[in-house]
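# Architecture at a glance
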Amino acid sequence: MAAYDKADLERRMAGSIEALKHDLAGLRTGRASTALLDPVTVEVYGSHMPLNQVATVSAPEPRLLSVQVWDKSNIGPVEKAIRSAGLGLNPINDGNTLRLPIPDLTEERRKELAKLASSYAEKARIAARNVRRDGMDSLKTDEKKGLFGEDERKRHENEVQKLTDSTIADIDAAASAKEKEILGQ
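Presented here is an overview of the structure given in this document. Computed from a predicted structure; not experimentally measured. For every chain, the first residue of its written sequence is number 1, and the numbers climb from 1 along that sequence. Only residues with pLDDT of at least 70 are given local features in this predicted model, and only at 80 or more are side-chain atom pairs given and counted; all residues enter the totals for whole chains, interfaces and linings. Calculation of side-chain values draws on the structure's entire complement of heavy atoms; hydrogens and water are dropped beforehand.

We now examine the sheet that holds strand S4 (residues 64-69). Two strands make a pair as long as DSSP finds a minimum of two bridges between them. To qualify as a helix, a DSSP run of H or I must reach at least 4 residues; to qualify as a strand, a run of E must reach at least 2; elements of each kind are numbered from the N terminus. Spatially, the four strands line up as an open sheet ordered S3-S4-S6-S5, and their pairing is antiparallel. Looking at the sheet topology across the chains shown, the edges are occupied by strand S3 (55-61) and strand S5 (92-93). Looking at chain direction, S3 and S4 are connected through five bridges and run antiparallel. Residue pairing across strands places Glu61 opposite Leu64, the latter belonging to S4. In this description, contact between two residues means that some pair of their heavy atoms is separated by no more than 4.5 Å. Comment: axis = line fitted to C-alpha atoms, over the contacting stretch for helices; angle = value between 0 and 180 degrees taken between N-to-C directions. Sitting on the sheet, helix H2 (residues 75-83) is in contact with S4, S5 and strand S6 (97-101), with an inclination near 15 degrees to S6.

Have a look at this one:
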């Protein structure tokens, strides 16, 4: 185990928040968001590619996404990938672009999405706690190696705990805001 590195712990905890924000951005809230199509992969040219590598996605209206496919021969596979992505979207193919009207969310679907948001938050909390555990372990190892004494270890442990608490508070705030957005409150 490496020596205690506060900057590394901060970077890893910030990474858990960023991963959560990325996951939450993909959840549909009834408003058009280009991030909604981030998880979609398209089978073109004999391989699976992210949608954003074969098309331009834009949100020209609050309840509409537009997908401009660069190579017209790929419109079929892109349309199929969007339909089968489980996002509840039905592309309208006008020959050059795909238009994706964003339907209203049912109450049941809103609750499912809110549950999904809280499960993403729990994954992020677990990641933050794992980072804390790694930090605590490296502090104990460093103390045993004689790099610093018990008082300094305890002071560093308090720093790690404060960092963890603030990271978890940020995670909770992001998840709570997304749940309110999904439930339309």
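What follows is about the pattern of salt bridges. Any carboxyl oxygen of Asp or Glu within 4 Å of a side-chain nitrogen of Lys or Arg constitutes a salt bridge here. With the rule as written, the count across this model stands at 13 salt bridges. Arg125 serves as the salt-bridge partner of Glu122, at 2.6 Å between the closest nitrogen and oxygen. Separated by three residues within a single helix, Glu122 and Arg125 lie in helix H3 (residues 107-145), roughly one turn from each other. One salt bridge connects Arg153 with Glu143, and the closest N-O pair in it is separated by 2.5 Å. Linking Arg153 in helix H4 (residues 150-183) with Glu143 in helix H3, this pair joins segments that are ten residues apart in sequence. Residues joined by salt bridges that share partners form a network here, namely Asp8, Arg11, Arg12, Arg133 and Asp134.

Here we come to the pairing of S6. With five bridges joining them, S4 and S6 adopt antiparallel strand pairing. When the sheet's bridge partners are listed, Ser66 is paired in S6 with Arg99. Relative to S6, S5 runs antiparallel, the two sharing two bridges. In the strand pairing of S6, Asn93 is matched with Leu98. Where S5 folds back on S6, the antiparallel hairpin that results is connected by three residues, among which Gly95 adopts a positive phi of roughly 100 degrees.

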